[in-house]
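Below are the chains, spelled out letter by letter.
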Amino acid sequence: SKGEHVRIVEVSPRDGLQNEKGLIPASTKVELIHKLRKAGAECIESGSFVSPKWVPQMKDTAEILRTMRPDSTISHPVLVPNDKGLDLLLKLLEEYGSDKSAWPTDEIALFTAASEQFCKANTNCSIQESLQRLEKVSERALNAGLRVRGYISVVAHCPYQGKVKPEASGEIAEQLLQMGCYEVSLGDTVGSASPSEMREVLAKCLQKTSGKNGGDVSKYAAHCHDTMGTGLANVLALVREGVRSVDAAVGGLGGCPYSPGATGNIDTESVVYGLHAEGYETGIDLEEAAKIGQWISDQVGKQNNSSAGRAILAR
Ligand code: HMG
Ligand code: MG
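The shown structure was predicted, so the numbers you read here are calculated from the model rather than taken from an experiment.

The rules behind the values
- Residues numbered from 1 in each chain as written.
- Chains lettered and ligands numbered in written order.
- Predicted model: local features only at pLDDT ≥ 70, side-chain atom pairs only at ≥ 80, totals over all residues.
- Helix = DSSP H or I, 4+ residues; strand = E, 2+ residues; numbered from the N terminus.
- Rg over C-alpha atoms; globule rule 2.2 N^0.38 Å.
- Buried ≥ 20, exposed ≤ 12 C-beta atoms within 10 Å, placed from the backbone.
- Contact = placed C-beta atoms within 7 Å.
- Axes fitted to C-alpha atoms, helices over the stretch in contact; angles between N-to-C directions.
- Parallel < 35°, antiparallel > 145°, perpendicular 65-115°, else oblique.
- Left-handed = near helix turned anticlockwise from the far one by under 90°.
- Nonpolar A, V, L, I, M, F, W, Y, C, P; charged D, E, K, R; others polar.
- Near = placed C-beta within 6 Å.
- Pairing = 2+ DSSP bridges.
- Core = buried A, V, L, I, M, F, W, Y, C linked by C-beta atoms within 7 Å.
- pLDDT = per-residue confidence, 0-100.

1. So, the overall build of the protein chain
Move 1: Per the secondary structure count, the protein chain includes 12 helices and 11 strands.
Move 2: Whereas a compact globule of 315 residues would reach a radius of gyration of roughly 20 Å, the protein chain reaches 18 Å, a difference of no more than 12%.
Move 3: C-alpha atoms of the protein chain, sized along the principal axes, occupy 50 × 45 × 35 Å.
Move 4: Burial status across the protein chain gives 54% buried among its 315 residues.
Move 5: Put simply, of all contacts in the protein chain between residues at least 6 apart along the chain, 75% involve residues at least 24 apart.

2. Notes on the packing of helix 8 (residues 195–208) against helix 9 (residues 231–240)
Move 1: Running from N to C, helix 8 and helix 9 cross one another at 40°; their axes reach a closest spacing of 8 Å. If you check the angle between helix 8 and helix 9, you find them oblique. For the pair helix 8 and helix 9, the sense of crossing is right-handed. Taking contact as the criterion, the partners of Pro195, Met198, Arg199 and Leu202 in helix 8 are, on helix 9, Ala233, Asn234, Ala237 and Leu238.
Move 2: Residues belonging to the contact of helix 8 with helix 9 are distributed by class as follows: 6 nonpolar, 1 polar and 1 charged.

3. A closer look at the site of ligand 1
Move 1: Near ligand 1 there are 26 residues, and of these Ser51, Gly85, Ser153, Gly187 and Thr189 occur at the shortest range.
Move 2: Of all the secondary structure elements, the ones that give two or more residues to the shell around ligand 1 are helix 4 (83–94), helix 5 (116–123) and strand 6 (147–153).
Move 3: With 3 residues, helix 4 is the largest single contributor of residues to the shell around ligand 1.
Move 4: In the shell around ligand 1, the residues fall into 11 nonpolar, 12 polar and 3 charged.

4. Brief notes about the pairing of strand 1 (residues 7–10)
Looking along a regular strand, one sees the side chains alternate between the two faces of the sheet.
Move 1: Both strand 1 and strand 11 (residues 245–248) contribute to a ladder of 4 bridges, which runs parallel. Bridged to Ile8 within strand 11 is Val246.
Move 2: Examined bridge by bridge, strand 1 and strand 2 (residues 43–44) share 2 bridges and lie parallel to one another. Pairing of Glu10 across the sheet is with Ile44, part of strand 2.

5. As for the pairing of strand 6
Move 1: Burial analysis of strand 6 places 6 of its 7 residues in the buried class, which makes it a mostly covered element.
Move 2: With 7 bridges connecting them, strand 5 (residues 107–113) and strand 6 associate as parallel partners. Bridging across to strand 6, Leu110 finds its partner in Gly150.
Move 3: Summarising the sheet, strand 6 and strand 9 (residues 183–188) pair through 4 bridges and their orientation is parallel. Bridge pairing links Gly150 to Val184 in strand 9.

6. A few points about the nonpolar core
Move 1: Ranked by internal contacts, the top residues of the largest apolar core, which has 94 residues, are Leu110, Leu186, Val235 and Val246.
Move 2: With 6 residues, the single largest contributor to this core is helix 9.
Move 3: Among residues more than four places away in sequence, those in contact with Leu186 are Ile152, Val155, Ser169, Met198, Val201, Leu202, Tyr220, Ala221, Ala222 and His223.

7. Re the sheet that holds strand 10 (residues 220–224)
Move 1: The parallel open sheet is built from 9 strands, whose spatial order is 2-1-11-10-9-6-5-4-3. Only two strands of the sheet have a single partner each, and these edge strands are strand 2 and strand 3 (47–48).

8. Here's the deal with the packing of helix 7 (residues 166–178) against helix 8
Move 1: Here helix 7 crosses helix 8 at 45°, and the two axes come no closer than 8 Å. Here helix 8 runs oblique to helix 7, going by the angle between their axes. In this structure, helix 7 crosses over helix 8, and the sense of that crossing is right-handed. In this structure, helix 7 uses Pro166, Glu167, Ser169, Gly170, Glu171, Ala173 and Glu174 to contact helix 8, whose residues at the interface are Glu200, Val201, Lys204, Cys205, Gln207 and Lys208.
Move 2: Looking at the contact of helix 7 with helix 8, its residues break down into 4 nonpolar, 3 polar and 6 charged.

9. Topic: the environment of His276
Move 1: Here His276 is to be found in helix 10 (residues 268–277).
Move 2: C-alpha of His276 to C-alpha of His5: the two residues are 271 residues apart in sequence and 9.9 Å apart in space.
Move 3: Excluding its chain neighbours within four sequence positions, the residues that come into contact with His276 are Glu281, Thr282 and Leu286.

10. Points about the confidence of the model for the protein chain
Move 1: Across the protein chain, pLDDT averages 96, with 98% of residues at or above 70.
Move 2: Confidence metrics for the complex model read pTM 0.97 and ipTM 0.99.

11. So, the environment of Leu313
Move 1: Among the structural elements, Leu313 can be located in helix 12 (residues 307–314).
Move 2: Take Leu313: there are 15 C-beta atoms within 10 Å of it, and that puts it in the partly exposed class.
Move 3: Expressed as a C-alpha distance, the spacing of Leu313 and Thr282, which sit 31 residues apart in the sequence, is 20 Å.
Move 4: Setting aside chain neighbours within four positions, we find Leu313 in contact with Ala290 and Gln294.

Structure, rendered in structure tokens:
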């Protein structure tokens, strides 16, 4: 209905930058986070505690959390793949004491995949092993007072295996919700899914988890990459099905190191434009988002991948 709120999860500091070859200064990443807050972002994915050998660009995540201005009104989830990643985060949080409002973040994001080969390429283990690993991580994180978000990658297409059965996502979503994720983000990592494929994935998830809290569409988020230009159509299709949480990156920045050729996330600018045009509200200032998209593209030496952003800045 009109005026309904859709939460934008701004992933540019993590998904947007993780694949950049040249090391981007931590100060630039912190400036990006501060600018996104000013533009109205309520949730900003701010880094990853992953292996620096696997994803070198994210190795300064602790420094970013330490140097960004504290603001407990905004969520700053960070990716955590295993116990080691959680250990690093909890050690950092110890510096801030037990008052959660002083913590730079109170949220982690777990990730697994709907195809075996992608799971292996991204996390060096099978789907089942990853879920066992994550169950432990989730339990520890929840006990430490953190909120936990979950990702399923390659819900429709896998760069190694091709078409992925939507039922696979249903099984995994059930387990992620059971281990305490407050939300599961459905990832079209390759950026080539169609709206009906994404709807089918969501339907299988809701079916598999119906009767429990997971049958609830408010437990799902859209994470669409835009390689084939279907990103916004996929987002709007899922929103029409009731999804109210959408991942996006200013400037359409990004790409996954383990999805060769896949381009960035759907750009925040077109998502915000599209949602506002459809009568939803996001709390994001579109003009500001467009400026930030151009600014960060300049910082990383890339063309601005948001056609909506370029159009807004040209008028
Ligand atoms: P592994 O090599 O099997 O790990 O990698 P291991 O446990 O055997 O450890 C090997 C070494 O890594 C050891 O160091 C560990 O200490 C270290 P060494 O003794 O050799 O010096 N290590 C770590 N260091 C820092 N932080 C850690 C950590 N863990 C181990 N957390 C592992 C397994 C999961 C660690 C690795 O595969 C990894 O880091 N993968 C993450 C890859 C990644 O970040 N991918 C991108 C994010 S996911 C994504 O983009 C998709 C998403 O956007 C949704 C979508 O679009 O679909 C979310
Ligand atoms: Mg992604």
